[in-house]
Amino acid sequence: VLFQRFAKIFIGCLAAVTSGMMYALYLSAYHERKFWFSNRQELEREITFQGDSAIYYSYYKDMLKAPSFERGVYELTHNNKTVSLKTINAVQQMSLYPELIASILYQATGSNEIIEPVYFYIGIVFGLQGIYVTALFVTSWLMSGTWLAGMLTVAWFIINRVDTTRIEYSIPLRENWALPYFACQVAALTGYLKSNLNTYGERFCYLLMSASTYTFMMMWEYSHYLLFLQAVSLFLLDIFSLEQSDKVYEVYKIYVFSLFLGYLLQFENPALLVSPLLSLVAALMVAKCLQLNVKKGSFVAKIIKVINFYLVCTLTITLNIVMKVKSLQAPSQDFFLRLTQSSLLPFYILVLIICLLSMLFSFCSGKSLKETVTLEDGRIGERPEIIYHVIHTILLGSLAMVIEGLKYIWIPYVCMLAAFGVCSPELWMTLFKWLRLRTVHPILLALILSMAVPTIIGLSLWKEFFPRLMTELMELQEFYDPDTVELMTWIKRQAPVAAVFAGSPQLMGAIKLCTGWMVTSLPLYNDDDLLKRNENIYQIYSKRSAEDIYKILTSYKANYLIVEDAICNEVGTVRGCRVKDLLDIANGHMVCEEGDKLTYSKYGRFCHEVKINYSPYVNYFTRVYWNRSYFVYKINTVISFQS
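Only a predicted model underlies this, so the values are computations on that prediction, with no experimental measurement involved. (Residues numbered from 1 in each chain as written. Predicted model: local features only at pLDDT ≥ 70, side-chain atom pairs only at ≥ 80, totals over all residues. Heavy atoms only, no water.)

A.B. asks: How would you summarise the overall build of the protein if you had to cite specific residues and measurements?
C.D. replies: Regarding its fold elements, the protein presents 30 helices and five strands. Out of the 643 residues in the protein, the part that is buried amounts to 52%. Of all intrachain contacts in the protein linking residues separated by at least 6 positions in sequence, the fraction that spans at least 24 positions is 71%. Here the protein displays about 30,500 Å² of accessible surface, and carbon together with sulfur accounts for 63% of that area. (Helix = DSSP H or I, 4+ residues; strand = E, 2+ residues; numbered from the N terminus. Buried < 20%, exposed > 50% of the residue type's maximum accessible area, 1.4 Å probe, protein only. Contact = heavy atoms within 4.5 Å. Areas by Shrake-Rupley, 256 points an atom, 1.4 Å probe, with all protein chains shown as cover.)

Okay, here's the thing in structure tokens:
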């Protein structure tokens, strides 16, 4: 028996690690085929980092160029070489801890002698994605008891990677660094909540959960919102399963410790102290203290009811605020079609319904929950880890229906829960108990289906999707952007070192990375001053006068202006959604409501008018470079008003 158990664990661990490694290698091969990365010059490689990704990687480069690690950190925390007229703490504002860690590892391991910095950087991110997949594998394995569920989880994750990750589009995104640690935390939490866990296993899960929670919080500025949803799930678990109350409050302690430690190490980040996570956990822990040794019907018990009512109201209001401050956009019909074609959505709905109904039946029956639920019981909804995951996926799914970006957090756990369900004999046994199956022994049939169903799903996925994956790896794609390469080359050769460039925030990020020149704005949205700068600089695509634009640009000490043809001549399918439409609405030059007329502007669109080279535009701006995509204008310091 011990040998069989050891062999099962060994094969499962080997399959989990192999799955993670294969996924990381797949990402590396796909990235190479997509960009021809190894055959390009450094400038062409850096152009593949777009928008905020370019900013993150540029600071990684700055750390490697610094004479020492301490000096590099100081220059990032007192950075006055990126944005004109502004000194920023880049580490705090942009959560640059991944870049600090990557730079330390690159130099400490001696990798600078054997591998280029860019390969080391993206290699770490791809490796983390491998850990991400491995953690999902382990979570599904812990819940179902079979590593077959882990294999199915990985298969669904990779097949639906358009909806599970954004790694293909933007490697340095904070979520790509952070979510693997959250997956490890969820795996540790799943093991920690199991009822039949021994003391040593419980301690290991607790330590892993503590370390991964804190690391996750340090890697991503929005991590505490995701942990808030997890805390809500644990709060509801505490209501469904009172036996796990002590464990739930131990997790709350981890939250509090991570928040305060993160507050100290993130330069006293006030966002952590005012986060909904801290408010919720503090209120729940106070309620827990008041509940100790309180008699039913006492005055304190009545106060506790008021506190619980307050918590419900707080949760409702907080979720409402979170939904309002985000840009709401529901997933498209193609999203549901893709999930259905891969068979993920139908099986997820089946598993979710069975688990949810089992939870509700157990809760409404009023019977005390058994300490250990056996296969014969057919009561899968009484297992605490199952209750947590069902609630968690429902909360994430509800928000993903109105905030499309959250699908990248929700779908990986959809893959995990669906794979667990079809591979779990307990789920099939629960269904057979309701159906009162008599013709065949229900336990035997449940065991057969828990192996047959995932095997059939796996074979069908292999037949339909494996050839597509191989085709993607064999197909040579080409990333060709000569206009941007020419622009960056011109800046490095012709522009003065002290020049300041103005343009769209996304382009400014690329200029900062590829040239190192100072810019007026960055593609960052957590700083009020930078947001105002972005709004003002975008006025170059509005219907404003040359004098207005000149005053805006000179107020930020800009020397050069770059107009992008793609934004100026953007053709959108939805009225009012283009950049220039949004600017016209904000400036009162266009109203979107039906029946309202356009407001007249006596000026033409600046980005069009400045290209014509007539007065007064030529008085303020002199064109010094252009190609098919970009027009560069020098901002005149001495203005001539001659026609």
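A.B. asks: Would you mind going over helix α6 (residues 97-108) in detail, with residue names and values included?
C.D. replies: Here α6 contains twelve residues, and its C-alpha end-to-end distance of 16 Å stays within 8% of the 16 Å for a straight helix at 1.5 Å per residue. Along α6, the residues that are buried comprise Y97, P98, E99, L100, A102, S103 and Y106. (Expected span 1.5 Å × (residues − 1).)

A.B. asks: Residue-level account of the state of the cysteines, with values.
C.D. replies: Simply put, disulfide is the name for a covalent bond between the sulfur atoms of two cysteines. A complete count under the given rule lists one disulfide for this structure. Two residues share a disulfide in this structure: C568 and C607, whose sulfurs sit 2.1 Å from each other. Torsion about the S-S bond of the C568 and C607 cystine: about 85°, corresponding to right-handed handedness. Here C568 is found in helix α27 (residues 565-568), whereas its partner C607 is found in helix α29 (residues 606-609), with 39 residues between them in sequence. By relative accessible area, C607 is classed as buried at 0%. (Disulfide = S-S within 2.5 Å.)

A.B. asks: Describe the packing of helix α3 (residues 52-65) against helix α24 (residues 505-514), with residues and values.
C.D. replies: Axis separation between α3 and α24 bottoms out at 8 Å; the angle between their running directions is 15°. The angle between α3 and α24 places the two elements in the roughly parallel class. Crossing angle aside, the handedness with which α3 passes α24 is left-handed. Contacts from A54, I55, Y57, S58, Y59, K61 and D62 in α3 reach G509, A510, K512 and L513 in α24. (Axes fitted to C-alpha atoms, helices over the stretch in contact; angles between N-to-C directions. Parallel < 35°, antiparallel > 145°, perpendicular 65-115°, else oblique. Left-handed = near helix turned anticlockwise from the far one by under 90°.)

A.B. asks: Mind laying out the pattern of salt bridges, listing which residues take part and the relevant values?
C.D. replies: Counted by the stated rule, this structure contains 27 salt bridges. The partner of K512 in a salt bridge is D62, and the shortest N-O contact between them spans 3.2 Å. Linking K512 in helix α24 with D62 in helix α3, this pair joins segments that are 450 residues apart in sequence. Residue class for D62 comes out partly exposed when judged on its relative accessible area of 27%. Taken together, the shared-partner salt bridges in this structure form one network comprising K86, D527, D529 and R533. (Salt bridge = Lys/Arg side-chain N within 4 Å of Asp/Glu carboxyl O.)

A.B. asks: Got a sec to walk through the pairing of strand β3 (residues 560-564)? Specific residues and values, please.
C.D. replies: The buried fraction of β3 is high, at five of five residues. Because side chains alternate across β3, one face comprises the buried residues Y560, I562 and E564, and the other comprises L561 and V563, equally buried. Two strands pair when backbone bridges link them, and strand β1 (residues 500-502) and β3 are joined in this way by two bridges, in the parallel orientation. Bridging across to β3, A502 finds its partner in L561. Two elements, β3 and strand β5 (residues 630-635), share five bridges in a ladder whose sense is antiparallel. What sits directly across from I562, in β5, is V632. (Pairing = 2+ DSSP bridges.)

A.B. asks: Please provide a residue-by-residue account of the packing of aromatic side chains, values included.
C.D. replies: As enumerated under the stated definition, the model contains 36 aromatic pairs in all. Between the aromatic rings of F6 and F10, the centroid separation amounts to 6.3 Å while the plane-to-plane angle is 20°, which identifies the pairing as stacked. Placement of the pair is F6 and F10 together in helix α1 (residues 2-35), with a separation of four residues, close to one helical turn. Across the pair, exposure class does not vary: F6 and F10 are exposed alike. (Phe/Tyr/Trp six-rings, centres within 6.5 Å; stacked < 30°, edge-to-face > 60°.)

A.B. asks: So what's going on with the packing of α3 against α6? Residues and values would help.
C.D. replies: Interaxial distance between α3 and α6 falls to 9 Å at its minimum, and their mutual angle equals 40°. When the axes of α3 and α6 are compared, the pair comes out oblique. As α3 packs across α6, the resulting crossing turns out to be right-handed. Within the contact between the two elements, α3 uses Y56, Y60, M63 and L64 and α6 uses E99, L100, A102, S103, Y106 and Q107. Class assignment of the residues belonging to the contact of α3 with α6 gives a composition of seven nonpolar, two polar and one charged. (Nonpolar A, V, L, I, M, F, W, Y, C, P; charged D, E, K, R; others polar.)

A.B. asks: Hey, could you go over the nonpolar core for me, with residue numbers and the actual values?
C.D. replies: Looking at soluble globular proteins, one finds that nonpolar side chains tend to be buried together. Counting 166 residues, the largest nonpolar core has M94, L234, Y252, F501, I511 and I562 as the members making the most contacts within it. Broken down by element, the residue count for this core peaks at 14 residues, all from helix α7 (residues 117-144). Counting residues in hydrophobic clusters, the runner-up holds 26 residues, among them A502, A546, V563 and Y617. (Core = buried A, V, L, I, M, F, W, Y, C linked by side-chain atoms within 4.5 Å.)

A.B. asks: Pulling in residues and values, what's your account of the sheet that holds β1?
C.D. replies: Strand order across the open sheet formed by five strands is β2-β1-β3-β5-β4, with mixed pairing between neighbours. Where the open sheet ends on each side, the last strands, each with one partner, are β2 (518-519) and β4 (621-626). Packed on one face of the sheet, helix α23 (residues 482-494) meets β1, β3, β4 and β5 and runs near 25° to β5. Packing against the sheet, α24 makes contact with β1, β2, β3 and β5, and its axis sits at approximately 125° to β3.

A.B. asks: Give me α24: which residues, what numbers.
C.D. replies: Burial of α24 is extensive: nine of the ten residues sit out of reach of the surface. Of all the positions in α24, only P505, L507, M508, G509, A510, I511, K512, L513 and C514 are classed as buried. Note on α24: the residue one or two positions beyond its end, G516, has a positive phi of about 85°.

A.B. asks: Break down the side chain of R45 for me, with residues and values.
C.D. replies: Within the element layout of this structure, R45 appears in helix α2 (residues 42-47). Beyond its immediate chain neighbours, meaning those up to four positions away, R45 contacts F37, S38, R40, E116, V118 and Y119.

A.B. asks: I'd like a description of the environment of M143, backed by residues and values.
C.D. replies: Here M143 lies in helix α7. Along the primary structure M143 and H389 are separated by 246 residues, whereas in three dimensions their C-alpha atoms are 9.8 Å apart. Those residues in contact with M143 that sit more than four places away from it in its chain are T190, R383, E385, I386, H389, M416, L417 and F420.

A.B. asks: Mind laying out the pairing of β4, listing which residues take part and the relevant values?
C.D. replies: Two elements, β4 and β5, share five bridges in a ladder whose sense is antiparallel. Counterpart to F621 in the pairing with β5 is I635. Here β4 folds back onto β5, and the loop between the two strands holds three residues.

A.B. asks: So what's going on with the side chain of H224? Which residues, and what values?
C.D. replies: Among the secondary structure elements, H224 is positioned in helix α12 (residues 223-240). A polar atom in the side chain of H224 sits 3.4 Å from the backbone oxygen of E221. Excluding residues that lie within four positions of it along the chain, H224 makes contacts with A271, L272, S275, P276 and L277. (Polar contact = N/O pair within 3.5 Å; in protein donor to acceptor, adjacent residues only side chain to side chain.)

A.B. asks: Please provide a residue-by-residue account of the environment of T18, values included.
C.D. replies: Relative to the helices and strands, T18 resides in helix α1. The class for T18 is partly exposed, based on a relative accessible area of 36%. The spacing of T18 and G130 is 112 residues in sequence and 9.1 Å in space, taken between C-alpha atoms.

A.B. asks: Explain a nonpolar patch on the surface to me, and be specific about the residues and the numbers.
C.D. replies: A cluster of nonpolar side chains, I349, I353, L357, L360, F361 and W434, forms an exposed patch at the surface whose accessible area comes to about 520 Å². Mapping L360 onto the fold places it in helix α18 (residues 344-365). Judged by relative accessible area, L360 falls into the partly exposed class, the value being 36%. (Patch = residues over 30% accessible without salt bridge, like charges linked within 9 Å, V, L, I, M, F, W, Y side chains within 5 Å.)

These values are about where atoms sit, not about what they do.
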